[in-house]
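Listed below, chain by chain, are the residues.
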Amino acid sequence: MTPVNHPEQNLQLVRRLYEDCFNTGKLDLVPEMIAMDFSSNRGEHGQAEFAANIAGLRKAFPDVRFVIEDLFGAADRVAVRWSFTATHSAPFAGFTATGKAVTQQGNVIYRIMDGKIAQAWVQIDRLGLMQQLERAN
């Protein structure tokens with residue numbers, strides 16, 4: 001049996017992930033949106049590791065604000081291009097807090113299964129972020 005896909009619902013799920021979870025830090029929403037067996041190309045596995053990633057980002061950048069630049073999908077895939085702005089307020093990736101405003105861009109392709117995000121392929125401009133933090137030191 002072929003799984004039923006709901007592209008519009010999948011788009012709403014990913015939009016909600018950024019607006020209601022990443023931007024607010026409401027980690028209690030992770031089980032509603034992320035599959036128990038979630039995996040990503042960055043090595044994250046499961047809901048707890050996904051939530052820990054958000055918590056770590058929000059600890060270092062408590063005012064982080066993601067903006068969805070592009071969002072589209074077909075079948076069980078959703079692609080998003082985002083940017084964020086934030087203030088570096090706590091240690092991150094070996095850098096002490098700089099108090100500097102930073103930006104970052106990224107692209108993610110999500111695979112949705114049974115109404116939850118099951119897999120992610122993440123490409124972010126980590127070098128650009130590190131260069132901003134380096135210039136602040």
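Since the structure is predicted, the reported quantities are computational estimates derived from the model, not experimental observations. Within each chain, residue numbers correspond to sequence positions counted from 1 in written order. Restriction of local features to residues with pLDDT of at least 70 applies here, the model being predicted, together with a cutoff of 80 or more for giving and counting side-chain atom pairs; totals for whole chains, interfaces and linings are based on all residues. Water and hydrogen atoms were dropped before computing side-chain values, which therefore reflect all heavy atoms in the structure.

Colleague: What exactly am I supposed to notice about the overall build of the protein chain here?
Modeller: Secondary structure elements are taken from DSSP: a helix is a run of H or I of four residues or more, a strand is a run of E of two residues or more, and numbering for both begins at the N terminus. Each helix and strand in the protein chain was counted, giving 4 helices and 5 strands. Listed N to C, the secondary structure of the protein chain is α-α-β-α-β-β-β-β-α in terms of helices and strands. For a compact globule of 137 residues, the expected C-alpha radius of gyration is about 14 Å, and the protein chain comes in at 15 Å, within 12% of that figure. Along the three orthogonal principal directions, the C-alpha set of the protein chain runs to about 55 × 25 × 25 Å. Any two residues having at least one pair of non-hydrogen atoms within 4.5 Å are treated as being in contact. Contacts in the protein chain between residues far apart in sequence, at least 24 positions, make up 57% of those at least 6 positions apart. Here the radius of gyration uses the C-alpha set of atoms, whereas the globule reference equals 2.2 Å times the residue count to the power 0.38.

Colleague: Please explain the layout of surface pockets as it appears in this structure.
Modeller: One water molecule sets the probe size; rolling that probe over the atoms shows where empty space is left. Cavities and pockets were defined on a 1 Å grid built from protein atoms only: a cavity is a group of points that admits a 1.4 Å probe but offers it no way out, a pocket is an open group of points flanked by protein on both sides within 12 Å along at least five of seven lines, and a lining residue is one with an atom within 4 Å of any such point. Grid points are joined across faces, edges and corners, and a volume is the space filled by probe spheres set on the points. Quantified by volume, the largest pocket comes out at close to 330 Å³. Around the largest pocket, the lining comprises 20 residues; the ones closest to its centre are Phe22, Arg42, Asn53, Leu57 and Ile124. For the lining of the largest pocket, the secondary-structure elements that each account for two or more residues are helix H1 (7–22), helix H3 (46–60), strand S3 (77–87), strand S4 (101–113) and strand S5 (116–124). Here the element with the most residues in the lining of the largest pocket is H3; it accounts for 4 residues. Amino acids outside the nonpolar list (Ala, Val, Leu, Ile, Met, Phe, Trp, Tyr, Cys, Pro) and the charged list (Asp, Glu, Lys, Arg) are all regarded as polar, and Gly is one of them. Across the lining of the largest pocket, the residue classes break down as 14 nonpolar, 3 polar and 3 charged.

Colleague: Quick question: what am I supposed to make of the sheet that holds strand S2 (residues 65–74) here?
Modeller: Strand-to-strand pairing in sheets goes through backbone hydrogen bonds, with the strands running parallel or antiparallel. Reading across the sheet, the 5 strands line up as S1-S5-S4-S3-S2 and stay open at both edges, with mixed pairing between neighbours. With partners counted over all chains shown, the strands left at the sheet margins are strand S1 (34–40) and S2, one partner each. Going across the sheet, the axis of each strand differs from the next one's by a mean of 25 degrees, ignoring polarity. At least two DSSP bridges between two strands are needed for those strands to be called paired. In the sheet, S1 pairs with S5 via 3 bridges, with the strands oriented parallel. Its bridge partner being in S5, Ile34 is matched across the sheet by Ile117. Of the strands in this sheet, S1, S2, S3 and S5 touch H3, which is tilted by about 70 degrees from S1. Sitting on the sheet, helix H4 (residues 126–136) is in contact with S4 and S5, with an inclination near 155 degrees to S4. Fitted lines through C-alpha atoms give the axes, limited to the stretch in contact for helices. The angle between two N-to-C directions lies from 0 to 180 degrees.

Colleague: Explain the nonpolar core here, please?
Modeller: Soluble globular proteins tend to bury their nonpolar side chains together. Residues grouped as a nonpolar core are buried Ala, Val, Leu, Ile, Met, Phe, Trp, Tyr and Cys residues, joined through side-chain atoms within 4.5 Å. Exposure classes here rest on a 1.4 Å probe applied to the protein chains alone. A residue is buried below 20% of its type maximum, exposed above 50%, and partly exposed in between. Grouped together as the largest cluster of nonpolar side chains are 39 residues, with contacts concentrated most on Val14, Leu17, Tyr18, Phe61, Val80, Tyr110 and Ile117. Broken down by element, the residue count for this core peaks at 7 residues, all from H1. Contact partners of Leu17, with chain neighbours within four places excluded, come to Phe22, Met33, Ile34, Phe50, Tyr110 and Ile117.

Colleague: Before we go on, may I ask you to explain unusual backbone geometry in this structure?
Modeller: Trans peptide bonds make up the majority, and among non-glycine residues the majority have a negative phi. We note that Ala93 has phi near 50 degrees; this positive angle belongs to a residue other than glycine. With respect to the element layout, Ala93 can be found in the loop between S3 and S4. Judged by its relative accessible area of 48%, Ala93 is partly exposed. The phi torsion at Asp114 lies on the positive side, around 55 degrees, for a residue other than glycine. Within the element layout of this structure, Asp114 appears in the loop between S4 and S5.

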